[in-house]
Amino acid sequence: MDDLGNVSVRTNRWRGLLRRHHGQKMNEEGKDGGEEGEKKKPFWDMKFNFNWREWAIDPAEQFYYVWLQVMTVPIVYNWVIIILRTCFTAIGLNYLPVWLTLDYVSDLMYTADMTVTLHTGFLDQGILIKDLTRLRKRYLRSRYFMWDLVSLLPTDFLYFAFGFETPLVRINRLLRIPRLNEALDRMETRTSYPNTFRITKLMIYIFVLIHWNACLYFALSNYIGFGSDNWVYPNITDPTFASMRRQYFYCFWFSAQIFTTVGDTPLPSREEEYLFMIADLLIAVLVFASIVGNVGNVITSLRDRDNVFFPNHELVKAYLRSHHISKELRQRIDNWYQHLHINKKIMRENEILQQLPLHMRTEIAVSVHLPTLSKVTIFQSCEKSLLEELVLKLTPQVFSPGEYVCRKGDVGHEMYIIKEGKLAVVADDGVTEFAVLSAGNFFGEISILNIKGNKSGNRRTANIKSIGHSDLFSLSKEDLTNVLSEFPAAKRHLEEKGRQILIKMGMLEQRAEVEEVEAEKIETKIERLERNLELLRTKLARLMVELESSNRKMRTRVEQLELQVAVLEIHLPPDEEEGEGVSGREDGVGGEAEWEREEAEGEEEEGAEENGGKQGDNGDNDVTKEGDGESTKSTKDETERVVEGNKFDLKDSDCLKGKESDGEKIIEKGDERPGQGDGAEIEPRNQKHDPSEEGESVEKTRNTKDSDEKDMQGSN
C-alpha cells in the first residue's frame with residue numbers, strides 16, 4: 001500500500017510539471033499571438049476603420065478622374081433610355097424589371113456622386129483645401145448643388161398616379177449634364193489622342209440627337225396614326241413593321257436621312273408633319289455645319305502638328321523649283337524629308353515646348369538629353385546645374401548618307417554628340433577610313449573652349465562623314481560661352497581639362513599657357529584699378545556737390561549782410577557819418593561776423609593777460625584790465641547800435657521801400673569818400689561779392705582795432 005501511495009505521489013508530481021510546462025507554452029504562444037495581433041492591427045485599422053468624416057479628394061488625382069469616367073454611364077443611360085421608354089411604350093413595358101433596376105442603380109450612383117463632390121477639395125491661393133466644413137459650405141452654396149438636388153428628387157412616386165408606362169416622370173435625371181461635360185473635358189485634356197477623342201465626342205452627340213429625333217418621330221406617327229400617309233411610320237399591323245427592333249431602326253434611319261441632309265424622305269402632307277420637318281431641317285443645318293467645322297479643325301490641327309514637328313516641305317520644294325536647283329540636290333533633300341517623316345524625327349523641340357514653363361522644359365530636356373550629354377568626357381564631373389543649362393541648348397541635327405559633318409581646316413563653331421548612327425573619320429580623298437564613330441561618341445569639344453596655345457587654332461583636324469542617316473546633337477560655342485559666364489568655376493575646370501587633353505595630344509604650347517596666366521594676372525590688376533578709380537570718382541562727385549552747396553549758402557549769407565549794411569547806411573544821421581566811419585567800416589561786408597570774432601578774441605586775450613599778470617607787476621595788470629574794459633564796452637555799444645538799427649528797420653519797412661533809390665545813391669556816393677579801398681566801401685545789391693575783398697576788409701578792421709587798443713593803453 002505504501003508503494004502504491006508513493007507511485008501515486010510521483011505521478012501527481014509529473015502531472016504537475018507537465019501542466020506547468022504546458023501552461024508556459026500557452027502563455028508564450030499567447031504573447032506571440034498578441035504581438036502579431038498588435039503588428040497586424042494597423043493593417044486592419046487601415047482597411048476597415050476608414051474615417052469618412054476626414055476623407056477629402058484631390059481633383060487632380062487618379063481616383064477623381066476615374067470616378068468622372070464612371071459617372072458618364074448613368075448620365076448617358078438616362079439621356080438615351082428615358083425618351084426611348086416614353087415614345088416606344090412596347091419596349092418600356094416588355095423590359096420593365098430591367099429598366100427599373102437600372103434606374104435605381106443610376107440613382108444610387110447619383111447619390112454617391114453627390115458624396116464625392118461634397119468631399120472634393122479645391123485650391124485657395126494654390127493650396128488644396130481639405131477642411132470638410134469649408135468644402136461642405138462651398139458645395140451647398142454653389143449652383144451645382146441645386147442641379148444635383150433637383151436631379152435626385154423622388155419623382156418616381158408619380159408612377160402611382162400615371163402608371164409605369166410613363167417614364168417621363170424621371171425627366172429630372174437629365175439635369176446632370178454639367179457633370180458629363182466636366183468628365184468629357186477632363187478626358188480630352190488627359191488623353192494622348194485629343195483629335196480622335198474630339199471626333200468620337202462629336203459622333204456621340206450626333207447619335208443622341210438622332211436618337212431623340214427618332215423617338216419623337218415615332219411618337220408623332222403614333223399621334224397622327226400609323227400608315228395614314230407615306231410620311232408617318234407604316235402600319236404596325238403589318239408583320240414586317242410590327243417588331244420593336246424594326247420600329248426603332250426605321251425611325252433612326254429616317255432621322256439620319258434628315259440630319260445628314262440627304263433629302264430622300266417622303267413629302268409631308270399634314271401641318272404637324274411640315275412643322276416637324278422644318279424643325280428637323282434647321283437642326284440638320286446646324287448639325288452639318290458642326291460636323292464640317294469639327295472635322296476641319298481636326299484636319300487643321302493635324303496639319304499644324306506636322307508643320308511644327310517637321311519642316312514645311314512644300315515651301316522648300318517651291319523654292320528649289322523657282323531657283324532651278326539641280327535634280328541630284330533636290331533628290332537628296334527629298335530623301336532627307338522622307339527620312340524625317342518615316343522615322344518621326346522631331347527637329348523643332350524648342351518650338352514645341354516653348355509654351356511650357358522653364359522648369360518643366362528643363363526637366364523634359366534633362367530626362368531626354370542628359371544621359372547623352374553626360375557621356376562627354378569634359379562634362380562628366382561638372383555640377384548638375386551647369387548640365388541642366390546646357391541640355392536646353394542642344395540642337396538635334398540629322399545628316400544623310402555621304403554627307404560631311406565637318407571638314408579638315410574648318411573653323412569649329414560647335415561640338416557634336418552622336419545619338420544614333422555611324423560616322424567615319426576619312427582622309428582628304430573621302431574614301432580611306434581611319435576610324436568609325438558610333439552612338440555615344442563625340443567630337444569637336446576642344447574647338448569650342450577657346451584654349452590659348454592650341455596649335456590647331458580652333459580648326460577641325462579631320463574629315464568626318466556620315467555613313468548612313470545619323471542623328472546628332474550640336475552645342476554651339478556661343479551657347480557654351482553664355483552658360484559658362486554664369487559658372488566661372490566650371491569654366492576654369494573645363495579649360496583645365498581641355499589643356500590636359502591638348503597636352504596628351506601634343507597640341508598645346510607651354511609658353512602660351514604661361515602668357516595666359518600672366519595675362520589673367522594683369523587683367524585682375526586692371527579690374528582692381530578700375531574699381532578703385534570708380535570709387536574715387538564717386539567721392540569726388542560727392543565733394544563737388546557739397547562744395548557747391550556751401551558756396552550757395554555763403555553767397556546767400558553775404559547778400560543778407562549787404563542788405564543789413566545798406567539799411568544801416570540809409571538810417572545813419574548826417575552829422576555822425578564822419579565820427580562813425582570806423583564803425584561803418586566794421587558794419588561792412590562781414591561786419592556782424594567780425595564782431596563775433598572780436599568777442600571771442602577778447603575772451604582769449606583776457607585769459608592770456610591773466611596768465612601774464614601772474615608774472616608781471618600789478619600796475620600793468622590794472623592798465624590791461626582798463627583797456628579791456630573800454631574795448632569790451634565799445635564793442636557792446638556797437639552791438640546795441642546794430643540791434644537798434646534792425647529794430648528801426650523792422651518798424652520802418654514801408655519807409656525803406658520808398659527810399660530804396662536814395663539808398664542806392666548813398667551807396668554809390670560812399671564809394672567816393674576817403675577810405676575807399678580799406679574795406680569800408682559797400683557794393684550794390686546786384687553786384688557779386690568777392691570773398692578776397694571780404695577777407696581784406698576783415699583784416700584791416702582787425703588791425704584798426706588793435707591800434708586803437710594800443711593807443712588807449714598808451715594814454716592810460
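Small disclaimer: the values here were computed from a predicted structure and weren't measured. (Residues numbered from 1 in each chain as written. Predicted model: local features only at pLDDT ≥ 70, side-chain atom pairs only at ≥ 80, totals over all residues. Heavy atoms only, no water.)

Student: Looking at this model, I keep getting lost on the overall build of the protein. Mind explaining?
Tutor: When helices and strands are counted, the protein shows 25 helices and 10 strands. For the protein, with 716 residues in total, the buried portion stands at 32%. Within the protein, counting contacts between residues at least 6 apart in sequence, those at least 24 apart form 70% of the total. Put simply, the protein shows about 46,400 Å² of open surface, and 56% of that area lies on carbon and sulfur atoms. (Helix = DSSP H or I, 4+ residues; strand = E, 2+ residues; numbered from the N terminus. Buried < 20%, exposed > 50% of the residue type's maximum accessible area, 1.4 Å probe, protein only. Contact = heavy atoms within 4.5 Å. Areas by Shrake-Rupley, 256 points an atom, 1.4 Å probe, with all protein chains shown as cover.)

Student: How should I be thinking about the environment of Leu202 in this particular structure?
Tutor: Relative to the helices and strands, Leu202 resides in helix H9 (residues 194-224). Considering only alpha carbons, one finds Leu202 and Ser290, 88 residues apart in sequence, at a separation of 8.5 Å. Leaving out residues up to four positions away in the same chain, Leu202 has contacts with Ser290, Ile291 and Asn294.

Student: Any chance you could explain H9 here in plain terms?
Tutor: Residues spaced three or four apart along an α-helix point in a common direction, a consequence of the helix completing one turn every 3.6 residues. Spanning 31 residues, H9 covers 45 Å between terminal C-alpha atoms, matching the ideal 45 Å at 1.5 Å per step. Of the residues flanking the end of H9, it is Gly225, one or two places downstream, whose phi is positive at about 125°. (Expected span 1.5 Å × (residues − 1).)

Student: Please clarify how the environment of Ile501 should be interpreted in this entry.
Tutor: If you trace the backbone, Ile501 turns up in helix H18 (residues 488-505). Each C-alpha atom, one on Ile501 and one on Ile446, is 8.4 Å from the other, the two residues being 55 residues apart in sequence. In this structure, Ile501 is in contact with Ile378 and Ile446, ignoring residues within four places of it in sequence.

Student: It is not clear to me how the sheet that holds strand S9 (residues 463-466) should be interpreted in this structure. Could you clarify?
Tutor: Note on sheets: strands pair through backbone hydrogen bonds, and any given pair is parallel or antiparallel. The sheet built from 4 strands is open, its strands ordered S4-S9-S6-S7 with antiparallel pairing. The strands lining the two open edges of the sheet, one partner per strand, are strand S4 (404-406) and strand S7 (433-437). Averaged over all pairs of adjacent strands, the angle between their axes in this sheet comes to 30°, without regard to strand direction. In this sheet, S7 lies alongside strand S6 (residues 423-426) in antiparallel orientation, the contact comprising 4 bridges. Of the residues in S7, the one forming a bridge with Leu423 is Leu437. (Pairing = 2+ DSSP bridges. Axes fitted to C-alpha atoms, helices over the stretch in contact; angles between N-to-C directions.)

Student: What should I look at first to understand the sheet that holds strand S8 (residues 442-443) in this one?
Tutor: Strands sit in the order S3-S10-S5-S8 across an open sheet of 4 strands; the sheet is antiparallel. Edge positions in the open sheet fall to strand S3 (395-399) and S8, since each of these has one partner strand only. As paired strands, S3 and strand S10 (residues 470-476) are joined by 5 bridges and run antiparallel to one another. What sits directly across from Phe399, in S10, is Ser470. Sheet strands touched by helix H17 (residues 477-484): strand S5 (414-420) and S10. Its angle to S10, the strand with the most contacts, is close to 50°.

Student: Sorry if this is basic, but what is going on with the pattern of salt bridges here?
Tutor: Between side chains of opposite charge, a pair can form when the charged atoms approach closely. A complete count under the given rule lists 16 salt bridges for this structure. Here Asp229 makes a salt bridge to Arg270, at a shortest N to O gap of 3.7 Å. Taken together, the residues span a long stretch of sequence, with Asp229 in the loop between H9 and helix H10 (244-259) and Arg270 in the loop between H10 and helix H11 (271-309) at a distance of 41 residues. Connected through salt bridges with shared partners, the residues Arg85, Asp103, Asp107, Asp156, Arg170 and Arg173 form a single ionic network. (Salt bridge = Lys/Arg side-chain N within 4 Å of Asp/Glu carboxyl O.)

Student: Where do I start with the packing of helix H8 (residues 177-190) against H9 in this structure?
Tutor: Any two packed helices are characterised by the angle at which their axes cross and by the distance between the axes. Their axes nearest at 10 Å, the elements H8 and H9 cross at an angle of 155°. If you check the angle between H8 and H9, you find them roughly antiparallel. Contacts from Asn181, Leu184, Asp185, Met187 and Glu188 of H8 reach H9 at Pro194, Phe197, Arg198, Lys201 and Tyr205. The residue inventory of the contact of H8 with H9, partitioned by class, reads 5 nonpolar, 1 polar and 4 charged. (Parallel < 35°, antiparallel > 145°, perpendicular 65-115°, else oblique. Nonpolar A, V, L, I, M, F, W, Y, C, P; charged D, E, K, R; others polar.)

Student: What am I meant to see in a positive patch on the surface here?
Tutor: A cluster of basic residues, Lys317, Arg321, Lys327 and Arg330, forms a positive patch at the surface. If you list the elements that add at least two residues to the positive patch, you get helix H12 (313-322) and helix H13 (327-343). Take Arg330: it is sitting in helix H13. Taking the relative accessible area as the measure of exposure, Arg330 reaches 31% and is therefore partly exposed. (Patch = residues over 30% accessible without salt bridge, like charges linked within 9 Å, V, L, I, M, F, W, Y side chains within 5 Å. Lys, Arg positive; Asp, Glu negative; His and termini not counted. Charge placed at Lys NZ, Arg CZ, Asp CG, Glu CD.)

Student: Even after reading the chapter, I still don't get unusual backbone geometry, so can you show me in this structure?
Tutor: One non-glycine residue, His324, adopts positive backbone phi at about 55°. If you trace the backbone, His324 turns up in the loop between H12 and H13.

Student: What is the right way to look at the pairing of S10 in this model?
Tutor: For a regular strand, side chains alternate in direction, first toward one face of the sheet and then toward the other. Where burial is concerned, most of S10 is hidden: 7 out of the 7 residues are buried. Side chains of S10 alternate between two faces, with Ser470, Leu472, Ser474 and Ser476 and Asp471, Phe473 and Leu475 buried alike. When S5 meets S10, the two strands line up antiparallel, connected through 6 bridges. Residue pairing for S10: Glu420 is matched across the bridge by Asp471.

Student: Sorry if this is basic, but what is going on with the nonpolar core here?
Tutor: Core analysis: the largest hydrophobic core is formed by 33 residues, its most contacted members being Leu84, Phe88, Tyr217, Trp231, Tyr233 and Cys251. Every element with two or more residues in this core is listed here: helix H2 (62-87), H9, H10 and H11. With 9 residues, the top contributor of residues to this core is H9. Residues within four places of Phe88 in sequence aside, it is in contact with Ala214, Cys215, Phe218, Gln247, Tyr248 and Cys251. Counting residues in hydrophobic clusters, the runner-up holds 30 residues, among them Ile417, Phe473, Leu484 and Ala490. (Core = buried A, V, L, I, M, F, W, Y, C linked by side-chain atoms within 4.5 Å.)

Student: Sorry if this is basic, but what is going on with the packing of aromatic side chains here?
Tutor: Each aromatic ring pair is characterised by the separation of its centres together with the angle its planes make. If you walk through the whole model with that rule in mind, you get 25 aromatic pairs. Centre to centre, the rings of Phe218 and Tyr233 are 5.6 Å apart; their planes meet at 65°, and the pair counts as edge-to-face. Linking Phe218 in helix H9 with Tyr233 in the loop between H9 and H10, this pair joins segments that are 15 residues apart in sequence. For the residue pair Phe218 and Tyr233, the accessibility class agrees, reading buried in each case. Between the aromatic rings of Trp231 and Phe254, the centroid separation amounts to 5.7 Å while the plane-to-plane angle is 90°, which identifies the pairing as edge-to-face. Note that Trp231 is positioned in the loop between H9 and H10 and Phe254 in helix H10, a separation of 23 residues in sequence. The same class applies to Trp231 as to Phe254, namely buried. Grouped by ring-pair contacts, the aromatic residues Phe88, Phe207, Phe218, Phe226, Tyr233, Phe241, Tyr248, Phe249, Tyr250, Phe252 and Trp253 constitute a single cluster. The ring of Tyr144 has Arg143 lying over it, and the distance from NZ or CZ to the ring centre is 4.5 Å. Positioned over the ring face of Tyr404 is Arg407, at 3.8 Å from the centre of the ring. (Phe/Tyr/Trp six-rings, centres within 6.5 Å; stacked < 30°, edge-to-face > 60°. Lys NZ or Arg CZ within 6 Å of the ring centre and 35° of its normal.)

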